Amino acid sequence: LFSLLTVIGFELGAIIGGAVVAEVFFDLDGMGSLLVVASIGSDLFTVQAIVALLVITVVIANLIIDLLYSVIDPRIRVARALT
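A. Representation of the overall build of the protein within the structure. Scanning the protein from N- to C-terminus turns up three helices and zero strands. The N-to-C order of helical and strand elements in the protein reads α-α-α. Rg of the C-alpha trace for the protein: 17 Å, well past the compact-globule value of 12 Å for 83 residues, more than 25% over. Projecting the C-alpha coordinates of the protein onto the three principal axes gives extents of approximately 50 × 30 × 15 Å. Partitioning the intrachain contacts of the protein with sequence separation of at least 6 by distance along the chain shows that 44% fall at a separation of at least 24. Of the accessible surface of the protein, which amounts to about 6,500 Å², a share of 73% is contributed by carbon and sulfur atoms.

Set out below in structure tokens:
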């Protein structure tokens, strides 16, 4: 089950990238097509906002997957600080 969770975490970026390609290819409205239009139009702030949102999504998903590791195997726990 650890391998499955790890693969899901790695494939999340590919899924988001595939969604961008699918939106542009099928002429769908969404974040991917907005990203492409903004990058063609040199709208830097929109591109930065969309990329930041996508990065935050991937980071939160990876955090959830890391926390699920400790749920699946109780031997894995977060280490406490030695203070």
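Back to the write-up after that little detour.
B. How the structure looks around unusual backbone geometry. One non-glycine residue, D27, lies in the positive phi region at around 55 degrees. We classify D27 as exposed; its relative accessible area is 68%. Even without being a glycine, S42 presents a positive backbone phi close to 55 degrees. As for its placement among the helices and strands, S42 is situated in the loop between α2 (31–40) and α3 (44–72).

Rules behind the numbers
Residues numbered from 1 in each chain as written. Predicted model: local features only at pLDDT ≥ 70, side-chain atom pairs only at ≥ 80, totals over all residues. Heavy atoms only, no water. Helix = DSSP H or I, 4+ residues; strand = E, 2+ residues; numbered from the N terminus. Rg over C-alpha atoms; globule rule 2.2 N^0.38 Å. Contact = heavy atoms within 4.5 Å. Areas by Shrake-Rupley, 256 points an atom, 1.4 Å probe, with all protein chains shown as cover. Buried < 20%, exposed > 50% of the residue type's maximum accessible area, 1.4 Å probe, protein only.

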